[in-house]
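So the chains spell out like this:
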Amino acid sequence: MKSFCCSYAGTIREQNQDFVLVDEKLRLTLVVDGNGPAGTAVAKQAAERIRGRVSEVAAVTGANESLYRLQEAVDGAAVFCKTIEPLSSFSLAALWFNRGVVSIIASGRCTAISTDTDLHILRQSAISAPIKPEQNYLLCSEGFTPVLDDKTMQEFLRQNLVEESLPEAFNLQAAAVYDGDDRSAVLVCLEPADLRVGEPREIVLFEHYDKEYSFPVWALLSVCAAACAGIAATLIKLASLGGGKKSDAMVLVMKLFRFVGNANLHDSN
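As a starting point, this report considers the structure included with it. Source: prediction; values computed, not measured.

## With respect to the overall build of the protein chain
Inference 1: If you tally the helices and strands in the protein chain, you get six helices and 10 strands.
Inference 2: At a minimum sequence separation of 6, the contacts of the protein chain that also span at least 24 residues come to 68%.

Next up, the structure:
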């Protein structure tokens, strides 16, 4: 995501101050316009609260709920600001790319503008749509609102919304129509990585290794033959101690020994 900003402070008044926030990691862009005796503080507080909430939920937010989560963050910021500054409020234009979807909110007198084959001016709107690589977006504070109905200005935007120098040129064009209030604008241009931002990555919790062990059959038979030989020798010794008489068990063991020995010899060959 590439962003290009401009800001013009007309008659600077505490009653109306803008705050611009661009978080490239979150792909979140905010233009917040504060109103009231603490307009500047409210605008900044609102922007930071919205970014904080989006950051908390971004990893677990699916494409179909991106707009809901963004609106939730905006509403939460409004409630918070009202508790600390009851006499102040804010308008905003918000843009968030997440999992192939762009979510846009334009509230109060702030405006969001997008273009692909035509110009789309969004006011008092909240929309969500698939990201289109050819689209660019312009977020405007309240100070630009009066000039956006001008046909000449709309044609200018339609022709120049792809230009990186647009914000400054837009500001100059706006001044010729309306020279009042603070004016801030952010042009957001898509990059290829924006199309896949937020997609979950596979996490490998365990790695399994299959190991195969092999050994020749003759080795096993050799071990058995050695064991049988030891047993046979023991039995023969016991038989000699018992007067040379072979027990039935000894005869069986000797037959087993001869069988294993013959099998071992055959496998070796």
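## Quick notes on the pairing of strand β9 (residues 136-140)
Inference 1: With five of five residues buried, β9 lies mostly within the body of the structure.
Inference 2: Every second residue of β9 is oriented toward a common face, with N136, L138 and C140 on one face and Y137 and L139 on the other, all of them buried.
Inference 3: Across five bridges, strand β6 (residues 111-115) lies against β9 in antiparallel orientation. Looking at the pairing, T115 lines up with N136 of β9.
Inference 4: Bridging between β9 and strand β10 (residues 183-189) involves five bridges; their strand directions are antiparallel.

## A short note on the state of the cysteines
Inference 1: Applying the stated criterion across every chain, the model contains zero disulfides.
Inference 2: Unpaired in this structure, C110 has its nearest cysteine sulfur neighbour in C140, at a distance of 8.6 Å.
Inference 3: Overall, C110 belongs to the buried group, its relative accessible area being 0%.

## Details of the side chain of S66
Inference 1: Assignment of secondary structure puts S66 in helix α2 (residues 66-84).
Inference 2: Contacts of S66, omitting those with residues within four sequence positions, involve T61, W96, N98 and S103.

## Thoughts on the side chain of T145
Inference 1: Structurally, the position occupied by T145 is in the loop between β9 and α3 (151-160).
Inference 2: Note on T145: relative accessible area 10%, which makes it buried.
Inference 3: A distance of 2.3 Å separates a polar atom in the side chain of T145 from the backbone oxygen of R109.
Inference 4: The residues contacting T145, other than those within four sequence positions of it, are R109, T111 and R123.

## Comments concerning the packing of α3 against helix α4 (residues 166-177)
Inference 1: At a minimum axis separation of 11 Å, α3 and α4 run at an interaxial angle of 170°. What the angle tells us is that α3 and α4 run roughly antiparallel. Facing M153, F156, L157 and N160 of α3, the residues of α4 in contact are L166, A169, F170, Q173 and A174.
Inference 2: Of the residues that constitute the contact of α3 with α4, the class distribution is seven nonpolar, two polar and no charged.

## Regarding the environment of I121
Inference 1: Positionally, I121 belongs in strand β7 (residues 119-122).
Inference 2: For I121, a relative accessible area of 29% translates into the label partly exposed.
Inference 3: In the structure, I121 is positioned 10 residues away from T111 in sequence and 7.0 Å away in space, judged by C-alpha atoms.
Inference 4: If we skip the residues at most four places from it in the chain, I121 touches T111, A112, I113, L148 and Q154.

## Quick look at α4
Inference 1: Taking 1.5 Å as the rise per residue, α4 with 12 residues should run 16 Å; its terminal C-alpha atoms sit 17 Å apart, in good agreement.
Inference 2: Residues L166, P167, F170, N171 and A174 constitute the buried set of α4. What you see down the axis of α4 is that its buried residues fit within an arc of 130°, all on one side. For α4, the exposed residues lying more than 90 degrees away from the buried face are L172 and A176.

## A short note on the nonpolar core
Inference 1: Within the largest apolar cluster, 23 residues are counted, with the highest numbers of intra-cluster contacts made by L30, V32, I50, V54, L70, F90 and L92.
Inference 2: Residue assignment for this core shows that the elements contributing at least two residues are β3 (28-35), α1 (39-57), α2 and β4 (89-98).
Inference 3: In contact with L30, other than residues within four places in its own chain, are F19, V20, L21, A47, I50, A93 and A94.
Inference 4: Judged by nonpolar contacts, the second largest core, of 18 residues, contains C6, L138, F156 and L157.

Reading the values: rules and limits
- Residues numbered from 1 in each chain as written.
- Predicted model: local features only at pLDDT ≥ 70, side-chain atom pairs only at ≥ 80, totals over all residues.
- Heavy atoms only, no water.
- Helix = DSSP H or I, 4+ residues; strand = E, 2+ residues; numbered from the N terminus.
- Contact = heavy atoms within 4.5 Å.
- Buried < 20%, exposed > 50% of the residue type's maximum accessible area, 1.4 Å probe, protein only.
- Pairing = 2+ DSSP bridges.
- Disulfide = S-S within 2.5 Å.
- Polar contact = N/O pair within 3.5 Å; in protein donor to acceptor, adjacent residues only side chain to side chain.
- Axes fitted to C-alpha atoms, helices over the stretch in contact; angles between N-to-C directions.
- Parallel < 35°, antiparallel > 145°, perpendicular 65-115°, else oblique.
- Nonpolar A, V, L, I, M, F, W, Y, C, P; charged D, E, K, R; others polar.
- Expected span 1.5 Å × (residues − 1).
- Arc of directions from axis to C-beta.
- Core = buried A, V, L, I, M, F, W, Y, C linked by side-chain atoms within 4.5 Å.

This is a description of form; function is not addressed.
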